[in-house]
Every structure is written in C-alpha cells, then in structure tokens.
Amino acid sequence: RNRGWRDSAPPPQREQQWDDAPPTPTSVNYHFTRQCNYKCGFCFHTAKTSFVLPLEEAKRGLAMLKEGGMEKINFSGGEPFLQDRGEFVGKLVQFCKQELELPSVSIVSNGSLIRKQWFEKYGEYLDILAISCDSFDEDVNVLIGRRQGKKNHVENLHKLRQWCREYAVAFKINSVINRFNVEEDMNEQIKALNPVRWKVFQCLLIEGENSGEDALREAEKFVISDEDFDRFLDRHKDVSCLVPESNQKMRDSYLILDEYMRFLNCRNGRKEPSKSILDVGVEAAIKFSGFDEKMFLKRGGKYVWSKADMKLDW
C-alpha cells in the first residue's frame, strides 16, 4: 500500500533550486471547520466563520494535494467531530486512506464528541488520533476553557486511549503549555497513557485570532516566557515520547489549510491567506504559504507516521 513513500526524499539537485521551487506539501493540516464546542482561551484557530466546504469539493482539493506530493493529512478545526456528528471527517479519512492511499491520515480533536461507533466504522482508515489535553487537573481545564457541561476531560481521555488500542489507532496527546499549567508535573499521567507522541506546544499569539483588536480570544494572560517553557520541558525530560514545539519552530513549519482550502501564512504573526487551491492549484497557492521546509524537517515533522510501520503495542 505504501509503495516506496519512504524513498521519496527529494533528489540532491533540488537543493540548488530551493528558492525557486515551491515547497512540496508533504504534510498538510486541514482545518476544515472553525466551529468548536470548547472555549480554550488561547485557541489560535477560532470560530471566525461557520463555513465548511461541501464534501465533494473537499475531496477534490485533497486529491489535488496528493497529486502535488502530500503523504500525510491531518484533519483539525475547530472541532472536527462537530460536523455531521463525525460523519464528515470520517468520510474524508476513509477517502484519503482508501482512494488516495495516503501513508498517514490523522485527526486532532478535543475528544469530547467521539463515539465508539465512529471507531467501528472508520477506525481502520485512521493512523493517528491526537487528543488535546493541557492538564490532568480538571479545575485547570475549566480555567482554560477545555470542557463543555459536566463531562470530565481526563476521564474521557482514558476511554479514548482504550478505544484506540481496540481499533488499532495510534494515540497521541497535544498539550499547550501556558500560565495555568506551566508548574504542573505530568510525568506519571503521560507514562500511564503511553502515547506514541506527546506534542508540547508553547502558547502562541496570532494576531486577529487570539490577540489584537479583531480577535475572538485574548490569549495574552496565558503566555509564558521561553524560560518558563524550558523549565517545563526539563521537568519532563525523561518522557521518551515528548516532542517540544517552541513558538519559533511552530510559526513557519506547518502547512495550514483553512476552511476554504487556502494556505495560511503565519510569518508576520498573523494568518494571511493565499488563494484557494481549488481556484489556482496547489503550486500557485503554496508559494504564498510562508512554509519553511527546512524547519519542518528540522523540528522532526517527518517521522514514522503510518500505523502499518509503527511497532505498536496495541
């Protein structure tokens, strides 16, 4: 199935033309919805629109990206499981694995809306499920805004971990380190959950999203210094699956596609959209993405990301 994708490193002569050749969209983060049922105070992809592409248009764009060299797609939001109760993202996941035969298909979710039936129907097509969890103290999750109603975020995390084992989906955790959790010790809990990767992000300000006049969130009060972030990392240095992401690493090394399938350039601390790949094609749109291919590789953006190749102890 994954015919030769491991050998897809660019040929050496490409190095000289680096500046003129548009980057390859090897790994793409498609934020197909901005709607969310949580209200995390530092969120940097907020509900500025309620637009979601029709399913067939989204599939057309994904096929174009595959044609352009995409090997990994990550579906994100907002909350991906809000749209059609998870059916929309399920159909896209199945399409990417079955029709496009992508080596890696993943989702980032807050986990609150995922049902076991979803795994029964779509689990086989999903390589990685990443659940956002910033604290193992429920009071801190409430402060941050990572909850809805009475549901316990941490208990739910353990349930999802179990379903990932049952349905052979690699389990990953994403945490945003901020003013409210920077002193926390998460060693025990992370080791117990045993994710394949634990992505630890430094809280990032993006003007127009979580800071500035036209923003829907005010994340300033969540921001921590580089020193604070380093102290947190040092406290968790023995966790083998930890993957740290400072602000600098994050800003230019992600290819972000918004709900209109426009690449978002975050280089100037804002999100400036390209034209939609559906209108101008992948190559024309990606030139405006500000994507730093070298930083992507340097931060370890390319790893063993197909569950067929992971030595996973389900």
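Going by the structure above, here's the rest.
These figures come from a predicted structure and were not determined experimentally. Note on numbering: residues in each chain are counted from 1, in written sequence order. Local features are withheld for residues below a pLDDT of 70 in this predicted model, meaning they are given only at 70 or higher, and side-chain atom pairs are given and counted only at 80 or more; totals for whole chains, interfaces and linings count all residues. Excluded from the side-chain calculations are hydrogens and water; all other atoms, namely the structure's heavy atoms, are used.

Chemist: What should I look at first to understand the overall build of the chain in this one?
Modeler: Only runs of H or I of at least four residues qualify as helices and only runs of E of at least two qualify as strands under DSSP, and these elements are numbered from the N terminus. Scanning the chain for helices and strands turns up eleven helices and ten strands. We call a residue buried when its accessible area falls under 20% of the maximum for its residue type, exposed when it is over 50%, and partly exposed in between, using a 1.4 Å probe and counting protein chains only. Looking at the chain as a whole, 55% of its 314 residues qualify as buried. Pairs of residues are marked as contacts when any of their non-hydrogen atoms sit within 4.5 Å. Put simply, 75% of the contacts in the chain that link residues at least 6 apart link residues at least 24 apart. Computed with the Shrake-Rupley method and a 1.4 Å probe, the accessible areas treat only the protein chains shown as cover for residues. With the model as given, the accessible surface of the chain reaches about 14,300 Å², and the carbon-plus-sulfur share is 47%. For the purpose of counting charges, residues Lys and Arg are taken to be positive, whereas Asp and Glu are taken to be negative. His and the chain ends are not included. Charged side chains are reduced to one point each, which is NZ for Lys, CZ for Arg, CG for Asp and CD for Glu. Computed over 48 positive and 49 negative side-chain charges, the separation of the two mean positions in the chain equals 3 Å.

Chemist: I'm lost on the packing of aromatic side chains in this one. Help?
Modeler: In this description, an aromatic ring pair is defined by two values, namely the gap between the centres and the angle between the planes. Pairs were defined over the aromatic rings of Phe, Tyr and Trp, the Trp ring being its six-membered one, requiring ring centres within 6.5 Å. Orientation was assigned from the angle between planes: stacked under 30 degrees, edge-to-face over 60, tilted for the rest. Here the structure, examined in full by the defined rule, presents 14 aromatic pairs. Between Phe180 and Phe222, the ring centres sit 5.2 Å apart and the planes meet at 70 degrees, which makes this aromatic pair edge-to-face. Of the two residues, Phe180 sits in the loop between strand 5 (170-177) and helix 6 (187-193) while Phe222 sits in the loop between strand 6 (197-202) and helix 7 (226-235), which places them 42 residues apart along the sequence. On the accessibility criterion, Phe222 (1% relative accessible area) is buried. Cluster of aromatic residues (ring-pair linked, three or more members): Phe81, Trp118, Phe119, Tyr122, Trp163 and Tyr167.

Chemist: I tried to follow the nonpolar core on my own but got confused; where do I start?
Modeler: As a rule of thumb, soluble globular proteins bury nonpolar side chains together. Core analysis: the largest hydrophobic core is formed by 70 residues, its most contacted members being Tyr30, Leu62, Ile73, Phe75 and Trp198. Setting aside anything within four residues of it in sequence, one finds Trp198 in contact with Ile173, Ser175, Met186, Ile190, Phe232, His236, Val239, Cys241, Leu242 and Val243. Among the nonpolar cores identified, the runner-up in size contains 17 residues, and Tyr38, Cys40, Ala219 and Ile256 belong to it. Among the buried residues, those of types Ala, Val, Leu, Ile, Met, Phe, Trp, Tyr and Cys that are joined through side-chain atoms within 4.5 Å form a nonpolar core.

Chemist: What should I look at first to understand unusual backbone geometry in this one?
Modeler: In this structure, the amide linkage connecting Gly77 to the following residue, Gly78, adopts the cis form with an omega of 20 degrees. Its place among the elements puts Gly78 in the loop between strand 2 (72-76) and helix 2 (87-99). Although it is not a glycine, Asp84 sits at a positive phi angle of roughly 50 degrees. Its place among the elements puts Asp84 in the loop between strand 2 and helix 2.

Chemist: Where do I start with the packing of helix 1 (residues 55-67) against helix 2 in this structure?
Modeler: Each pair of packed helices gets described by two things: the angle between the helix axes and the distance between those axes. Here an angle of 0 to 180 degrees is reported between the N-to-C directions of two axes, which are lines fitted to C-alpha atoms, with helices fitted over the stretch in contact. Put simply, helix 1 and helix 2 touch, their axes get as near as 11 Å, and they point 35 degrees apart. Crossing handedness for the pair helix 1 and helix 2: right-handed. On the side of helix 1, the interface is formed by Leu55, Ala58, Lys59 and Leu62, while helix 2 contributes Phe88, Lys91, Leu92, Phe95 and Cys96. Split by residue class, the contact of helix 1 with helix 2 holds seven nonpolar, no polar and two charged. A crossing counts as left-handed when the near helix is turned anticlockwise from the far one by less than a right angle, and as right-handed when that turn is clockwise. Three residue categories are used. Nonpolar comprises Ala, Val, Leu, Ile, Met, Phe, Trp, Tyr, Cys and Pro, charged comprises Asp, Glu, Lys and Arg, and polar comprises the others, including Gly.

Chemist: It is not clear to me how the pattern of salt bridges should be interpreted in this structure. Could you clarify?
Modeler: Between Lys or Arg on one side and Asp or Glu on the other, a salt bridge is scored when a side-chain nitrogen of the former is within 4 Å of a carboxyl oxygen of the latter. One pass over the full model with this rule turns up 17 salt bridges. Between Lys59 and Glu56 there is a salt bridge, and its shortest N-O distance comes to 3.8 Å. Of the two residues, Lys59 and Glu56 are both situated in helix 1; the distance of three residues between them amounts to about one turn of the helix. Look at Lys59 and you get buried, because its relative accessible area is 19%.

Chemist: Sorry, what's going on with helix 5 (residues 153-166) here?
Modeler: Count 3.6 residues to each turn of an α-helix, and residues three or four apart come out pointing the same way. Given a helix with a known number of residues, its expected span is that number minus one, times 1.5 Å. The first and last C-alpha atoms of helix 5 sit 20 Å apart over 14 residues, in line with the 20 Å expected at 1.5 Å per residue. Taken residue by residue, helix 5 has His153, Val154, Asn156, Leu157, Leu160, Arg161, Trp163 and Cys164 as its buried positions. An end-on view of helix 5 places all buried positions within 165 degrees of arc, on one side of the element. Buried residues in helix 5 make contact with helix 3 (116-122), strand 4 (128-132), helix 4 (138-144), strand 5 and helix 6. Definition of a polar contact: a pair of N or O atoms within 3.5 Å, with one able to donate and the other able to accept a hydrogen when the atoms are protein atoms, and with sequence-neighbouring residues admitted only if both atoms are side-chain atoms. Where helix 5 begins, the capping side chain belongs to Asn152, and its oxygen is found 2.9 Å from the backbone nitrogen of Val154. After helix 5 finishes, the residue Ala168 shows a positive phi value of roughly 55 degrees. The arc under discussion is defined with respect to the helix axis, by the directions toward the C-beta atoms.

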